[in-house]
Amino acid sequence: MKTNLPNYLNTTVAGIFLFFFILAIPSPAYAFDFKDIDSPLIEIFFIISFLSFLPAVLIMFTSFTRIVIVLSFLRHALGGQQVPPNPVIIGLSLFLTFFIMSPTLNAVTEGAVTPYMAKEITFGEALKKAETPIKTFMLRQTREKDIALFAELSGKTIPATPADLPIGLVVPAFAISELKTAFEIGFLIFLPFLMIDMVVASILLSMGMMMLPPIMISLPFKLLLFVLVDGWNLVVGSMMRSFQ
């Protein structure tokens, strides 16, 4: 039997991101529990309604935040205003995100999306099965301090095991942990290029060339350093290993 592969892939990806979004919604804020939904009509309604939130899901539930911030820091450290351009940074960040998230996406697809599409489990059961691998990935990258902060703000006690933490508490803690890690990596990337800027600025000042922008002179030296040390390999490799 012939399978329409593009349609299958589109449905699977849409289902995965739908699970990401719905799991993050705090159910007590509504008159019903999303995990108890078992009506095809209501399921279709939520699928159509939440498709517009997929970009926010991509940012809040995945490694995309850390990657795109680090690459943006790298661009500013090099001194290139639009090099690499935004489409290149976003595109590279997306593919690196899919590479990092592939084990989690596969676990969600095999354990929740595929059985649900085959009508082996209900919508609510699929959501419960999808929550575990998503939460596991986020907890590996989340600091205990950030979890404690949001637990205190929400007035909840931290359970004995991390697996019992509500997903609505894990998501914001994961987000600020990713921001902190991205800024730490960005600081380390800036240091060698900052030294080049300082040396070039000092030389120009000693030569009395105060009207010449130091960035114009330092940019070729930054590019040379970055190419000689195989900078893309180092930066991307370090980011990939930071998620392990």
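See above for the structure.
Residues numbered from 1 in each chain as written. Predicted model: local features only at pLDDT ≥ 70, side-chain atom pairs only at ≥ 80, totals over all residues. Heavy atoms only, no water.

Engineer: What is the right way to look at the nonpolar core in this model?
Structural biologist: Nonpolar side chains tend toward joint burial in soluble globular proteins. Membership of the largest hydrophobic core comes to 46 residues, with the highest contact counts inside it found for I67, M138 and I189. Contributing elements (two or more residues each) for this core: α3 (54-61), α4 (64-78), α5 (86-117), α6 (123-141), α7 (144-154), α8 (167-206) and α10 (231-242). Here this core gets 10 residues from one element, more than from any other, and that element is α8. Residues in contact with I189, not counting those within four places in the same chain, are V70, L74, A77 and V235. (Core = buried A, V, L, I, M, F, W, Y, C linked by side-chain atoms within 4.5 Å. Buried < 20%, exposed > 50% of the residue type's maximum accessible area, 1.4 Å probe, protein only. Helix = DSSP H or I, 4+ residues; strand = E, 2+ residues; numbered from the N terminus. Contact = heavy atoms within 4.5 Å.)

Engineer: Looking at this model, I keep getting lost on the packing of α6 against α8. Mind explaining?
Structural biologist: A pair of packed helices is captured by two measures, namely the crossing angle of their axes and the spacing between those axes. Two elements in contact, α6 and α8, have axes whose closest approach is 9 Å; the angle formed by their N-to-C orientations is 35°. The hand of the α6/α8 crossing is left-handed. On α8, the residues that touch E131, K135, F137, M138, L139 and Q141 of α6 are I167, V170, V171, F174, S177 and E178. (Axes fitted to C-alpha atoms, helices over the stretch in contact; angles between N-to-C directions. Left-handed = near helix turned anticlockwise from the far one by under 90°.)

Engineer: Help me out: how do you make sense of the packing of α8 against helix α9 (residues 214-228) in this one?
Structural biologist: Viewed as axis vectors pointing N to C, α8 and α9 meet at an angle of 140°, and their least axial separation amounts to 9 Å. Between α8 and α9, the crossing angle belongs to the class labelled oblique. For α8 against α9, the interelement crossing comes out right-handed. Taking contact as the criterion, the partners of P192, F193, I196, D197, V200, A201 and L204 in α8 are, on α9, P214, I217, S218, F221, K222, L225 and F226. Residue composition of the contact of α8 with α9, grouped by class: 11 nonpolar, 1 polar and 2 charged. (Parallel < 35°, antiparallel > 145°, perpendicular 65-115°, else oblique. Nonpolar A, V, L, I, M, F, W, Y, C, P; charged D, E, K, R; others polar.)

Engineer: Can you walk me through the environment of P84 in this structure?
Structural biologist: Relative to the helices and strands, P84 resides in the loop between α4 and α5. Looking at P84, the relative accessible area reads 15%, which means it is buried. For the pair formed by P84 and L74, sequence separation is 10 residues and the distance between their alpha carbons is 9.4 Å. Look past the residues within four positions of P84 in its chain and what remains in contact with it is R75, I89 and W232.

Engineer: Would you mind going over the side chain of K135 with me for this structure?
Structural biologist: For K135, the position within the fold is in helix α6. By relative accessible area, K135 is classed as buried at 6%. A distance of 2.6 Å separates a polar side-chain atom of K135 from the backbone oxygen of L165. Residues contacting K135, with those up to four places away along its chain left out, are P162, A163, D164, L165, I167 and V170. (Polar contact = N/O pair within 3.5 Å; in protein donor to acceptor, adjacent residues only side chain to side chain.)

Engineer: I tried to follow α9 on my own but got confused; where do I start?
Structural biologist: Residues three or four positions apart in an α-helix share a direction because the helix packs 3.6 residues into each turn. In this model α9 runs 21 Å from its N-terminal to its C-terminal C-alpha over 15 residues, within 8% of the 21 Å that 1.5 Å per residue would give. Listing the buried residues of α9 in full gives S218, K222 and F226. Of the surrounding elements, those touching the buried residues of α9 are α4, α8 and α10. Taken from the residues just after α9, D230 is the one with a positive phi, measuring 55°. (Expected span 1.5 Å × (residues − 1).)

Engineer: Quick question: what am I supposed to make of the packing of aromatic side chains here?
Structural biologist: Two measures describe an aromatic ring pair: the distance that separates the ring centres and the angle between the ring planes. One pass over the full model with this rule turns up 5 aromatic pairs. A centroid spacing of 6.3 Å and a plane angle of 45° characterise the contact between F193 and F226, whose relative ring orientation is tilted. Of this pair, F193 sits in helix α8 while F226 sits in helix α9; the two residues are 33 residues apart in sequence, bridging distant segments of the chain. Taking relative accessible area as the criterion, F226 reaches 9% and is therefore assigned buried. Between the aromatic rings of F226 and W232, the centroid separation amounts to 5.4 Å while the plane-to-plane angle is 85°, which identifies the pairing as edge-to-face. Members of the aromatic cluster, joined through ring pairs, are F73, F183 and F190. (Phe/Tyr/Trp six-rings, centres within 6.5 Å; stacked < 30°, edge-to-face > 60°.)

Engineer: Please clarify how unusual backbone geometry should be interpreted in this entry.
Structural biologist: For D230, which is not a glycine, the phi torsion comes out positive at approximately 55°. Along the chain, D230 turns up in the loop between α9 and α10. In this structure D230 comes out as partly exposed when scored by relative accessible area, which is 44%.

Functional significance is not addressed by these values, which are geometric in nature.
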